[in-house]
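# Reading the structure
Take a look at the letters that make up each chain.
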Amino acid sequence: MTTAPWSKPSTRKKPLVERRAERQARRAEHWGDRIAEARKQGPRTQAATAWDRLRATVNRLPEGLQREAWEMATAQLDRIRQEFADSDSE
């Protein structure tokens, strides 16, 4: 008689939820450290780091949401660019 896999207790040392939470905490700490260091180096480095963070986040999204996320990011950048272009012409 074989025992079905779903009848056996889990052999995982940590539940997946806990592993996922730890991974998210490490990721947040990593980006927090990178952004803090970038702020010390100036606004261009800070912007480059923010862009890297956005790219990493969007790349982790499902394929269907990536296009929408990039369109939203592009729209925001266009709004910011337009705001500075308008203030420059005054």
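So, here is what we can say about the structure in this document. (Residues numbered from 1 in each chain as written. Predicted model: local features only at pLDDT ≥ 70, side-chain atom pairs only at ≥ 80, totals over all residues. Heavy atoms only, no water.)

### Quick look at the overall build of the protein
- On a plain count of helices and strands, the protein comes out with three helices and zero strands.
- Order of helices (α) and strands (β) in the protein, N terminus to C terminus: α-α-α.
- For a compact globule of 90 residues, the expected C-alpha radius of gyration is about 12 Å, and the protein comes in at 21 Å, more than 25% above that figure.
- Overall, the C-alpha framework of the protein stretches about 85 × 35 × 10 Å when taken along its three principal axes.
- Burial statistics for the protein: of 90 residues in total, 10% are counted as buried.
- Taking the average location of the 19 positive side-chain charges in the protein and that of its 14 negative ones, the two points are 13 Å from each other. (Helix = DSSP H or I, 4+ residues; strand = E, 2+ residues; numbered from the N terminus. Rg over C-alpha atoms; globule rule 2.2 N^0.38 Å. Buried < 20%, exposed > 50% of the residue type's maximum accessible area, 1.4 Å probe, protein only. Lys, Arg positive; Asp, Glu negative; His and termini not counted. Charge placed at Lys NZ, Arg CZ, Asp CG, Glu CD.)

### Thoughts on the side chain of Thr49
- Checked against the element boundaries, Thr49 lands in helix H2 (residues 43-59).
- Ignoring anything within four residues of it in the chain, the contact list for Thr49 reads Trp31, Arg34, Ile35 and Ala38. (Contact = heavy atoms within 4.5 Å.)

### Re the packing of helix H1 (residues 16-41) against H2
- Direction vectors running N to C along H1 and H2 enclose 155°, while the axes themselves pass 7 Å from each other. Overall, the two elements H1 and H2 adopt an arrangement that is roughly antiparallel. Note on element contacts: H2 touches H1 through Thr45, Gln46, Thr49, Asp52, Arg53 and Ala56, opposite Trp31, Arg34, Ile35, Ala38, Arg39 and Gln41.
- A breakdown of the residues in the contact of H1 with H2 according to their chemical character gives four nonpolar, four polar and four charged. (Axes fitted to C-alpha atoms, helices over the stretch in contact; angles between N-to-C directions. Parallel < 35°, antiparallel > 145°, perpendicular 65-115°, else oblique. Nonpolar A, V, L, I, M, F, W, Y, C, P; charged D, E, K, R; others polar.)

### Considering the pattern of salt bridges
- Evaluation of the coordinates by the stated rule reveals six salt bridges.
- Across the pair Arg34 and Asp52 runs a salt bridge whose closest N-O atoms are separated by 3.3 Å. On the criterion of sequence distance, the pair formed by Arg34 in helix H1 and Asp52 in helix H2 is long-range, its members being 18 residues apart.
- Here Arg34 falls in the partly exposed class, since its relative accessible area comes to 32%.
- Among the salt bridges present, the one from Asp78 reaches Arg81, with a minimum N-O distance of 3.9 Å. Remark: Arg81 and Asp78 occur in helix H3 (residues 63-89); sequence separation between them is three residues, near one turn of the helix.
- For Asp78, a relative accessible area of 39% puts it in the partly exposed group.
- Residue Arg81 is classed as partly exposed on the basis of its relative accessible area, which comes to 49%.
- One salt-bridge network, in which partners are shared between bridges, spans Arg34, Asp52 and Arg55. (Salt bridge = Lys/Arg side-chain N within 4 Å of Asp/Glu carboxyl O.)

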